[in-house]
Structure formats: structure tokens, C-alpha cells
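Examining the three-dimensional arrangement
Okay, here's what each chain looks like letter by letter:
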Amino acid sequence: MAQICHYTTVEAFQEMLKNISLKDGEPCLTFWASSIHAMNDPSEFVYGYKLLRDSILPAIEKELRIQSDSLKLSQLWKYRVKTGNSDEWDKQLVDSIYENHNSPFIISFSRKKDFLPMWTTYSNKGRGICLCFDNNKYAIKYGEVELLYGIHTKDASYDEVDKIISNAIKGLYEGEYQRYKHISDKRQREQEMILSLARCAIVAAPYYKHEAYKYENESRWIQFKDDNTEVKYRCSKQGRLIPYIEIPIKLRSLEEVIVGPCADSDSVIRALKYQLRQYGIENIHASTVPYREY
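This section reports on the structure supplied with the text. (Residues numbered from 1 in each chain as written. Predicted model: local features only at pLDDT ≥ 70, side-chain atom pairs only at ≥ 80, totals over all residues. Heavy atoms only, no water.)

**Considering helix 4 (residues 87–99)**
Across its 13 residues, helix 4 extends 18 Å between first and last C-alpha, which sits within 8% of the 18 Å expected from 1.5 Å per residue. Turning to helix 4, its buried residues number three or more, namely W89, D90, L93, V94 and I97. Down the axis of helix 4, the sector holding all buried residues measures 125 degrees, keeping them to one side. For helix 4, the exposed residues set more than 90 degrees away from the buried face come down to K91 and E99. Of the surrounding secondary structure, the elements contacted by the buried residues of helix 4 are helix 2 (46–63), helix 3 (76–80) and helix 7 (186–204). (Helix = DSSP H or I, 4+ residues; strand = E, 2+ residues; numbered from the N terminus. Expected span 1.5 Å × (residues − 1). Buried < 20%, exposed > 50% of the residue type's maximum accessible area, 1.4 Å probe, protein only. Arc of directions from axis to C-beta. Contact = heavy atoms within 4.5 Å.)

**Points about the nonpolar core**
One finds Y49, L52, L73, I169, Y173, Y180 and L197 to be the most contacted residues of the largest nonpolar core, which totals 40 residues. For this core, the elements supplying multiple residues, two or more each, are helix 2, helix 3, helix 4, helix 6 (163–180) and helix 7. Examining the composition of this core, we find that 9 residues originate from one element, helix 7, more than from any other. Within the second largest apolar cluster, 28 residues are counted, among which are F13, I107, F109 and F133. (Core = buried A, V, L, I, M, F, W, Y, C linked by side-chain atoms within 4.5 Å.)

**With respect to the side chain of S34**
As for its position among the elements, S34 is in strand 3 (residues 26–35). The contact partners of S34, leaving out residues within four places of it in the chain, are M39, P104, F105, I106, R234, I242, P243 and Y244.

**Some words on the layout of surface pockets**
In this model, the largest pocket occupies a volume close to 1,400 Å³. As for the largest pocket, its lining consists of 39 residues, and the residues nearest its centre are Y7, T8, T9, Y122 and R234. Contributing elements (two or more residues each) for the lining of the largest pocket: strand 1 (3–8), helix 1 (10–18), strand 3, strand 4 (105–110), helix 5 (116–122) and strand 10 (232–235). At 5 residues, strand 4 tops the list of elements feeding residues into the lining of the largest pocket. The residue makeup of the lining of the largest pocket, split by class, is 15 nonpolar, 14 polar and 10 charged. Here the second largest pocket defines a volume of roughly 250 Å³. The wall of the second largest pocket is formed by R80, W89, Q92, L93, S96, I97, N100, N102, I194, L195, A198 and I202. Looking at the lining of the second largest pocket, the element that brings in the most residues is helix 4, giving 5 residues. (1 Å grid on protein atoms, 1.4 Å probe; cavity = no way out; pocket = protein on both sides within 12 Å on 5 of 7 lines; lining within 4 Å. Points joined across faces, edges and corners; volume = space filled by probe spheres on them. Nonpolar A, V, L, I, M, F, W, Y, C, P; charged D, E, K, R; others polar.)

Structure follows, in C-alpha cells:
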């Protein structure tokens, strides 16, 4: 059975346990899905958007046989920016998506279990824990993860175009193109094209990451805010204000808990076994990674 892992601190896991909620009558851990604009990679979303603009959209436009540049979403920035530089346009589009609360919120998992680089980066330098979940099947609909049961994620792409996402964008683009191509008023058509480009970016961009983070082998739970979702804020240790939303994940999908290589494993394991036995979680053990903190 495929597993995905969430590396975190003991303190953060205790907060999850304090805020156990019920969904469909089952106990759930309360995860914090952070805004994509608050990730540790400052190029998040923009990196994916540029890949969309420069590679994915031109390929789709060729397939759809869109001849006129004025009708191509990949070329839209050239009609909106006089300087010939797309950076200003990129920033305006991404800022607009963020300001209109259309940005996705993300919970990050890794396909690497008990992996030293993840321990040192995301789990209090090896003193935290690794939560291992059953990763059931997922379905894609226009690039969004369709949650069926358990926990469902989509793997991040680092150095190539993902075919599933490209096909989702193609279906979305084709519908958008049929809608705006008949608008005769140039200004109105451009406004509709901006909305179409934003919709494509919201679907595709979250799934692409800079190749420098390839070692993470990330699998992402991506959630979009609706009118009933409360956005909360927390302050990071570095003083950054991070928007997040709360996501319940069923405790029965938690199969294993690994205590970090630099933790006081005996005492942490003893306490966690006492805490989690009421939920039937018994597979709690120490990391096998030989690592000593200096």
C-alpha cells in the first residue's frame, strides 16, 4: 500500500491532537493548509505559471489550431505590457489572483519515508516526527484533486510537463476559447482572456516546483477556498504572517509514526503510544537513520 509522509515537529502534532474533529462520524487530525504564497520556495506559483505560459499553453494552442496571436492566452501579456518584459505582467496577474482569494492552499507530503534531508529540513533538525499515511487513489478533474476517500494527493512535477495536468488544461482552455473568441469588443475580450488565463494558472501552477526541490519527492494536497472557508493566520518563527485553512484528515489513514533520529525516542514513543492507542495506531517506532546533531 502506497504511503506518503508528512514531516513535522512534535509540538505541531500535539496541536493536531488537541484539535481532533469529526468528519462522517470519524476522528480527524486538523491539518493547516498554508497559502502557496507562504511556502519556503519563494518562486512558488510564479514558476508554475511561467511553465504554463511558455510551454503548456503554446503546445495546446497548436493542437487547437489557434492562429491569431491576439486570441492566444500565451501571448496575452504582449498586448498588456508596453516594455516588452513580461515580469511586470506576471507580478500583476499573480497579485490579482492572491488578492481575490483564488490562490490554493497546500499540505505538503513526501514519498520518501525516514529520509535524512526531510528530517533536517522540515522536522526540527531530526528531533520531530514523520507521519505516514495511506495514499489512496485520486482522480483529476480540470487539474484539481477530487477527494474520494481517505487522503488524496497529486505528485509535484519538477523538470517536465505533467500529462495529466496538460490534458486538464487543454479541456479547460478549449472551453474558455470557445467563450471569448466571439467577443468583438477588443477591451472586453482581453478582460475575459485575463480571467481565462487566471483560471488556467490556478489549476496548473500549484503542481509545478523548481527542480532544486526535487529531492523532496513531494506529493501535494491542494485545496481551494470557497465562500464558507475561514482563512486564519499564524506567525512563523521568522516573523512572517502565513494564511492557512484547516483541513480534516481521517485518523484511520495514519498508518505509522516515526520518531526522528535526534529525538529522545524512548520517551516520545512511550507517550505517543499512550496517546494514540485509543485510535488503534500502534506502529510507532524510532527512525533507522544514523544521524547525530552537532
